[in-house]
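# Geometric and topological summary
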Amino acid sequence: EIAETLIRVGQVQHKQGNYVESVGSLRGALVILRGVNGESGRRAAAVSGIIATSQHQRRRYGEAIESYRDCLLAYKAAGAAKNHPDVAWVRRRLADRTMFATCVADFWDDSAAV
């Protein structure tokens, strides 16, 4: 399947540190997965988590937070419990204080943010 191939390519790109390319491949896979499985697919949730991790690695914290949120929403819609290991992993990533501190600083420095 095309989505699974894009996921594999995106994972390899991520492991090689090619985070921009990884996000592009994974977003393509996500579009296909959501078209087939809807928002509630656990595979789509996992792909959103990889996208968030790539964004996090690039220090694109605002984008990462949105992708982690999408990931959690997809897991919730799929019926995953909040103590499920994949959900717990996302929650730990969201607890990264550096990410939030940077987002707050960026918000206050952006005159268009208000």
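Just so it is clear, the model here is predicted, and its values are computed rather than measured. (Residues numbered from 1 in each chain as written. Predicted model: local features only at pLDDT ≥ 70, side-chain atom pairs only at ≥ 80, totals over all residues. Heavy atoms only, no water.)

### Things to note about unusual backbone geometry
A positive phi angle, near 65 degrees, is found at Arg 59, a position not held by glycine. Tracing the chain through its elements places Arg 59 in the loop between helix H3 (42-57) and helix H4 (61-77). Given the relative accessible area of 63%, Arg 59 is considered exposed. (Helix = DSSP H or I, 4+ residues; strand = E, 2+ residues; numbered from the N terminus. Buried < 20%, exposed > 50% of the residue type's maximum accessible area, 1.4 Å probe, protein only.)

### Brief notes about helix H1 (residues 2-15)
The end-to-end C-alpha distance of H1 is 20 Å, a good match for the 20 Å that 14 residues give at a rise of 1.5 Å each. Immediately downstream of H1, the backbone of Gly 17 shows phi near 85 degrees, a positive value. (Expected span 1.5 Å × (residues − 1).)

### Here's the deal with the side chain of Ser 54
Note that Ser 54 resides in helix H3. For Ser 54, a relative accessible area of 0% translates into the label buried. Setting aside residues no more than four positions away along its own chain, Ser 54 makes contact with His 14, Tyr 19, Ser 22 and Val 23. (Contact = heavy atoms within 4.5 Å.)

### Details of the confidence of the model for the protein
For the protein, per-residue confidence averages 84 on the pLDDT scale, and residues scoring 70 or more make up 82% of the total. Averaged over each element, pLDDT in the protein is lowest for helix H6 (residues 97-109) (64) and highest for H1 (94). (pLDDT = per-residue confidence, 0-100.)

### Some thoughts on the environment of Arg 93
For Arg 93, the location among the structural elements is in helix H5 (residues 85-94). As for Arg 93 and Tyr 68, which are separated by 25 residues in sequence, their C-alpha atoms are 8.2 Å apart. Here the side chain of Arg 93 touches His 56 through a polar contact of 3.2 Å, side chain to side chain. (Polar contact = N/O pair within 3.5 Å; in protein donor to acceptor, adjacent residues only side chain to side chain.)

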